[in-house]
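Take a look at the letters that make up each chain.
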Amino acid sequence: MDPHASDRPIEPEFLDDLPAVGDGSGLSHDPLFHIEELQLAFRNRGMPLEALRYPITPTGLHYLLTHFDIPYGDAASWRLSVGGLVRRPLAFSLDDLKARPTVSMPVTMECGGNGRALFEPRSLSQPWLLEAIGTAEWTGTPLRGVLEEAGVADAAVELVFTGIDWGIQGGVVQPYQRSLTGEEAMREEVLLAWGMNGEPLQPQHGAPLRLVVPGWFGMTSVKWLATIEAVAEPFEGYQMINTYRYTQTADDIGDPVTLLRPRALMIPPGIPDFASRLRVVQRGPVTLTGRAWAGRPGVARVEVSADGGATWRDATLEEPVGRHAWRGWSCEWDAAPGDHTLLVRATDGDGNTQPLEQEWNYQGMGNNMVQRVPVRVV
Ligand SMILES: Nc1nc2c(c(=O)[nH]1)N[C@H]1C(S)=C(S)[C@@H](COP(=O)(O)O)O[C@H]1N2
Ligand SMILES: [Mo]
């Protein structure tokens, strides 16, 4: 079944004493960052917030998150196999997939760990502040048609999606794998994507084939997708049970991280001080702009505060860039000399508003507390 089993390099008995990061608790109370966090941050770039000005994020500015290494995916020999509890196990080449109905759609993607490094203490992992976001125009074929052709059996409760990238996490040797229920996998917007922003996928974004699941945090959109398997029990792989959970301790099972939470971000106004990134703004009228998204319910409202959250004003909203993508917002601000903190917050169509302080969780997931932008008006 697994065409890449030969890539599996290591037997688990050699993994007894892998080096721990920090004190081994998985958390850091230290405002200084560990070298291992820096190492992850270089591999997994964020989108600089000034790139919020583009409705579709240029590919080189879209955030990246890869747990292990970026594997080499050869487009010419690539096979996607669909098996398990299906009536007709199938294998598709890239050309087979491209011959199917093709759609392109803008999708806002955000890492579940976005905001992680703003928690205190913080989880020792990729140290995102606010920049684990991007909106690309993805091109592919709806997963639904492929699943219908394979004929998923009634006994199947979930689909398991497996990439070819292997690594070790929590002492467990694993390929990157995530699952979705049949109901979620059959939603019309879920894509098997080979294109991003009108070009073939770049290696770091999952070339030659990935899953794109609009409305969910990014971990669901499995890159380098080689295998889809229909299974009779909820999948209990590492990336389902041990990570991407809202928990209070290392062992707590908690609740799964699933759909995007509402968030608005602002393009920091003015010009930055190089090292501190403090914004320096000329006094007088300033148009504050940015983008907001909220997964399935969509963004209903964006508000801006120029006084640290004491008072809020409604921003003007643009039409969303797509059904599954962010929308622009803008708000006028009369900048008076002095130091100020600008805040922006979104409310989704279900009435959920971004919190000023987010409830802490062990893995640093889903931290959508409001952005604070310190500015000096001169
Ligand atoms: N095969 C594989 N797919 C993966 C990952 C991975 O490490 N391996 N990372 C996931 C996570 S956590 C996120 S947030 C998104 C990031 O997608 P991007 O790097 O294209 O922005 O990919 C997801 N898909
Ligand atoms: Mo992620």
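Source: prediction; values computed, not measured. (Residues numbered from 1 in each chain as written. Chains lettered and ligands numbered in written order. Predicted model: local features only at pLDDT ≥ 70, side-chain atom pairs only at ≥ 80, totals over all residues. Heavy atoms only, no water.)

1. With respect to the overall build of the chain
Formally: A run of DSSP states H or I qualifies as a helix once it reaches four residues; a run of E qualifies as a strand once it reaches two. Both are numbered from the N-terminal end. For a compact globule the rule gives 2.2 Å times the number of residues to the power 0.38, and the radius of gyration it is set against comes from C-alpha atoms. Whether two residues are in contact is decided by their heavy atoms, any of which lying within 4.5 Å being enough. Surface accessibility in these figures is a Shrake-Rupley result with a 1.4 Å probe; residues are shielded only by whichever protein chains are displayed. Residues scored as charged are limited to Lys and Arg (positive) and Asp and Glu (negative), so that His and the chain ends carry no count. Where a charge lies is defined by one atom per residue type: Lys uses NZ, Arg uses CZ, Asp uses CG and Glu uses CD.
Within the chain, the secondary structure is distributed over five helices and 24 strands. For 378 residues, the compact-globule estimate of 2.2 N^0.38 gives 21 Å, and the chain sits close to it at 21 Å. Dimensions of the chain along its principal axes, counting C-alpha atoms only, are 70 × 50 × 35 Å. Of the contacts made within the chain by residues no fewer than 6 positions apart, 73% connect residues no fewer than 24 positions apart. Only carbon and sulfur atoms are counted for the fraction: they give 53% of the accessible area of the chain, which is about 17300 Å². Side chains of the chain carry 31 positive and 48 negative charges; the gap between the two charge centres is 7 Å.

2. Observations regarding the sheet that holds strand β17 (residues 279-281)
What counts here: In this analysis, strands are considered paired if DSSP registers two or more bridges between them.
The six strands are arranged β16-β17-β24-β23-β19-β20 in an open sheet whose pairing can be described as mixed. The two strands at the open ends of the sheet, each matched to only one other strand, are β16 (271-272) and β20 (313-314). When β16 meets β17, the two strands line up antiparallel, connected through two bridges. Within β17, the position partnered with I271 by the bridge is V280.

3. With respect to the nonpolar core
Stated precisely, the cut-off is as follows: In this text, buried Ala, Val, Leu, Ile, Met, Phe, Trp, Tyr and Cys residues form a nonpolar core when linked through side-chain atoms within 4.5 Å. Partly exposed residues are those whose accessible area sits between 20% and 50% of the maximum for their type, while under 20% is buried and over 50% is exposed, using a 1.4 Å probe and protein chains only.
Formed by 48 residues in total, the largest nonpolar core has its most connected members in L80, L143, F161, L192, L211 and I228. For this core, the secondary structure elements donating two or more residues are β2 (80-84), α2 (94-98), α3 (143-150), β7 (158-169), β8 (172-181), β9 (191-196) and β12 (225-231). With residues up to four places along the chain from it excluded, the contact list for F161 reads L143, Y176, Q177, R178, S179, L180, A185, L211, V222, L225, T227 and I228. Grouped together as the second largest cluster of nonpolar side chains are 21 residues, V286, V302, A335 and V375 included.

4. Details of the sheet that holds strand β21 (residues 316-320)
Condition: Throughout, an axis means a line fitted to C-alpha atoms (over the contacting stretch in the case of helices), and angles, computed between N-to-C directions, take values from 0 to 180 degrees.
Here four strands make up an open sheet; going across it, the order is β15-β18-β22-β21 and the pairing antiparallel. At either margin of the open sheet sits one strand with a lone partner, and together these are β15 (263-266) and β21. In this sheet, adjacent strand axes meet at a mean angle of 25° when their direction is disregarded. By the bridge criterion, three bridges tie β21 to strand β22 (residues 327-335) in an arrangement that is antiparallel.

5. Some words on the site of ligand 1
Rules: What makes a residue near a molecule or strand is one non-hydrogen atom of that residue sitting within 4 Å of it. Identification of polar contacts relies on pairs of N or O atoms within 3.5 Å, with a donor-acceptor requirement for protein atoms, meaning one able to donate a hydrogen and the other able to accept it, and with residues adjacent in sequence counted only if both atoms are side-chain atoms. Three residue categories are used. Nonpolar comprises Ala, Val, Leu, Ile, Met, Phe, Trp, Tyr, Cys and Pro, charged comprises Asp, Glu, Lys and Arg, and polar comprises the others, including Gly.
Neighbouring ligand 1 are 19 residues; Y63, D165, H205, R210 and K223 lie closest to it. Separating an oxygen atom of ligand 1 from a backbone N or O atom of Y63 is a distance of 2.8 Å. Contact between ligand 1 and L65: an oxygen atom at 3.0 Å from a main-chain N or O atom of the residue. Taking 530 Å² as the accessible area of ligand 1 by itself, protein coverage stands at 100%. Tallied by class, the residues present in the shell around ligand 1 amount to 10 nonpolar, six polar and three charged.

6. A closer look at the environment of V377
Relative to the helices and strands, V377 is located in strand β24 (residues 371-377). Judged by relative accessible area, which is 4%, V377 ranks as buried. Linking V377 and G134, residues 243 residues apart in sequence, is a C-alpha distance of 29 Å. Once residues lying within four places of it in the same chain are set aside, the contact partners of V377 are V281, Q282, R283, W333, A335, A336, P337, G338 and H340.

7. Describing the packing of aromatic side chains
To keep it simple, the criterion reads: Paired rings are identified among Phe, Tyr and Trp, the last through its six-membered ring, by centres lying within 6.5 Å, and are further divided according to the angle between planes into stacked (under 30 degrees), edge-to-face (over 60) and tilted (the rest).
All chains considered together, the criterion is met by three aromatic pairs. Measuring from centroid to centroid gives 5.9 Å for W293 and W326, while their planes differ by 55°, and the two rings are tilted. Taken together, the positions of W293 in strand β18 (residues 284-293) and W326 in the loop between β21 and β22 put the pair 33 residues apart, joining distant regions of the chain. Given a relative accessible area of 0%, W326 falls into the buried group. Residues W360 and Y362 carry aromatic rings whose centres are separated by 6.5 Å and whose planes lie at 80° to one another, so their mutual orientation is edge-to-face. Residue W360 is classed as partly exposed on the basis of its relative accessible area, which comes to 22%.

8. Digging into the pattern of salt bridges
Which entries qualify depends on this criterion: Just to be clear on terms, a salt bridge is a Lys or Arg side-chain nitrogen sitting within 4 Å of an Asp or Glu carboxyl oxygen.
For the structure on display, the rule yields 12 salt bridges. Through salt bridges with shared partners, one network takes in R301, E303, D314 and R345.

9. Examining the pairing of β9
The side chains of a regular strand alternate between the sheet's two faces. With six of six residues buried, β9 lies mostly within the body of the structure. With five bridges joining them, strand β6 (residues 133-142) and β9 adopt antiparallel strand pairing. The residue of β9 that forms the bridge with W138 is M196. Relative to strand β11 (residues 210-212), β9 runs antiparallel, the two being bridged by three bridges. Bridged to L192 within β11 is L211. As paired strands, β9 and strand β10 (residues 199-200) are joined by two bridges and run antiparallel to one another.

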